[in-house]
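Chain residues, written in single-letter form:
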Amino acid sequence: MSVASRAPAHIRSLSPYQPGKPIAELARETGIPEGDIVKLASNENPFGMSPKAKAAAIAALDEGARYPDGNAFALKAALAEKYGVDMNQIVVGNGSNDVLEIATQTFLAPGDASVFAQYSFAVYPLATLARGGRCVQVAAKDYGHDLDAMATAIDDKVRIVFIANPNNPTGTFLPGAAIEAFLARVPADVLVVLDEAYTEFLPADKRYDSIAWVARFPNLLVSRTLCKAYGLAGLRLGYGVGGAEVIDLMNRVRQPFTASIIAQAAAVAALQDEDFVREVAENNRRGMAQLTAAFAELGLEWIPSLGNFVTVKVGDGAKVNAALLRQGVIVRPIAAYGLPEWLRVSIGLPAENERFIAALRQALK
Ligand SMILES: *Cc1c(COP(=O)(O)O)cnc(C)c1O
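Remember, predicted model here, so these are calculated numbers, not experimental data.

About the cut-offs
Residues numbered from 1 in each chain as written. Predicted model: local features only at pLDDT ≥ 70, side-chain atom pairs only at ≥ 80, totals over all residues. Heavy atoms only, no water. Helix = DSSP H or I, 4+ residues; strand = E, 2+ residues; numbered from the N terminus. Rg over C-alpha atoms; globule rule 2.2 N^0.38 Å. Buried < 20%, exposed > 50% of the residue type's maximum accessible area, 1.4 Å probe, protein only. Contact = heavy atoms within 4.5 Å. Domains from an automatic or database assignment. Buried area = accessible area lost by both parts, 1.4 Å probe. Arc of directions from axis to C-beta. Near = heavy atom within 4 Å. Polar contact = N/O pair within 3.5 Å; in protein donor to acceptor, adjacent residues only side chain to side chain. Areas by Shrake-Rupley, 256 points an atom, 1.4 Å probe, with all protein chains shown as cover. Nonpolar A, V, L, I, M, F, W, Y, C, P; charged D, E, K, R; others polar.

1. A word on the overall build of the chain
- Within the chain, the regular secondary structure consists of 14 helices and 13 strands.
- For 365 residues, the compact-globule formula gives about 21 Å, and the C-alpha radius of gyration of the chain, at 20 Å, lands near that figure.
- Taken over the C-alpha atoms alone, the chain extends approximately 55 × 55 × 50 Å along its principal axes.
- Residue burial in the chain is summarised as follows: out of 365 residues, 52% are buried.
- Considering only contacts within the chain whose residues lie at least 6 apart along the sequence, 74% involve residues at least 24 apart.

2. Side note on the domain arrangement of the chain
- Each assigned domain of the chain is listed here: domain 1 (19–48 + 275–364) and domain 2 (51–271).
- On a C-alpha basis, the centroid separation for the pair domain 1 and domain 2 is 25 Å.
- Taken together, the 25 residues of domain 1 in the interface contact 25 residues of domain 2.
- Counting the surface lost from both domain 1 and domain 2, the interface buries some 2000 Å², and carbon and sulfur atoms represent 67% of this.

3. Observations regarding helix α6 (residues 123–130)
- Buried within α6 are the following residues: V123, Y124, A127 and T128. Projected onto a plane normal to the axis of α6, the buried residues spread over an arc of 130° and lie on a single side.
- Those residues of α6 that are buried lie in contact with α5 (96–107), β3 (113–117), β4 (134–138), β5 (158–164) and β6 (191–195).
- Downstream of α6 by a residue or two, G132 has a phi angle that is positive, lying close to 75°.

4. Some points on the site of the ligand
- Every residue close to the ligand is listed here: G95, S96, N97, F121, N168, D195, A197, Y198, T225, C227, K228 and R236.
- The separation between a nitrogen atom of the ligand and a polar side-chain atom of D195 is 2.6 Å.
- In isolation the ligand exposes 390 Å². Once the protein is present, 93% of that is buried.
- In the shell around the ligand, the residues fall into 4 nonpolar, 5 polar and 3 charged.

5. Here's the deal with the environment of P51
- With respect to the element layout, P51 can be found in helix α3 (residues 51–60).
- Judged by relative accessible area, P51 falls into the exposed class, the value being 59%.
- Through-space distance from the C-alpha of P51 to that of A269 is 9.2 Å; in sequence the pair is 218 residues apart.
- Setting aside chain neighbours within four positions, we find P51 in contact with D273 and F276.

6. Some words on the side chain of T292
- Structurally, the position occupied by T292 is in helix α12 (residues 274–298).
- Beyond its immediate stretch of four places on either side in the chain, T292 contacts W302 and V310.

This is how it looks when you write it as C-alpha cells:
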C-alpha cells in the first residue's frame, strides 16, 4: 500500500490545471530562440507592468529578508480608499486564484456543492473537488452564463456560486443589472463569488459597480486581480472584497503571508498608475479589432469577447495549435473546457497579433 494510494479518492481523481505553455519550454522543444517566440496563451499584459510598479518591486527587494506584512496594511488601505470600503472587507491573495481557493476552503465542507457555468474557469471545479465538494455545472447559454438556470440549480447542498464576468475562456459578458437581479434571488447563506479578473478591460458603457452591492448582499465576494490588466501575473497579487464576516473567516483560513513583500509593494504603486491601465485597455480594444478583422477575413467564427483574449473556432484545435507552435506562436487550446475546435488567443502588442495572424493563416492551409 503506497502513500499515494491512500490519498483521499477526491484528490486522486483530480486533473492538474493546464497552464499556458511557457516560452522557455517551447524554446527547449523546438530550438526557436526565446526572443522569436510569441506567447498569447495566458492573458498576460503585453506591456509588462507599470514602470512605477516595477520600481517599487525593485526597491522592495532590499526588504526581501523580512517577512511581508501579513495583514497587507498599505495595500488594503489603498484598496479601501479606492472602493470606499473598510479594510476589514478585503482579503489579499497570492493572485486571485488564491482568493478563489481560500473562499472554497472557508465555505465548502466535504459533500457540499458549488454551482458554476459550463465553459467557465477551470479553477472552480478544481477548488471544489480538492475539498471533497461536488460540482454542479450548469449548461451555458451562447457560451456564457445562464443565470436563470444557475439560480434554479441552487439547493440545500450548494454553498458557493462562481460567476466570472467577463468569463474565461469565452469572453462573454453579463450586464451588471443581470448580476444584481441574480444576487437578489440567491439565498443569503450562499456565497456568490463574482470573479472580475478582466473588469479593467470593460468599455465605459459596460461598467457597473459590483463592490457597491456588497453593502446590500453581504454574501457577495468580488474577486479582482492585479495579474491581468495591471501586469503583475508573475508577482501574483489578487484580492477579494466582501462582507466583513465573510472576510474575517477567510482571513482565519488563508496562509499568514499570502502576498510577498515585492508583490505588495508593486501592487500599491500599480494602483496609483491608472493611466497605465487605461493605455493597456486601449491597446486591447485595438488588438481585439485587429484579430477579429483577420478572423472575419479568414471566414472563422469567434465568440465576441470583452476580455483581453478572444476564442476562435479553427476546426481541429489540436492540429492548428501544433502548427502554430512550430511557428513559435503559443496560444491556448481549450479542449479541456469541452471546446476542442476552438483556440483562445490573448491580445498582444500589434506586432505580436500580426505574427499570430500570419501563423494562423499558414496553419489553416
Ligand atoms: C486569470 C484568471 C484568474 C486568476 O488570476 P490570478 O493570476 O490568480 O489573479 C481568476 N479568474 C479568472 C476568470 C481568470 O481568467
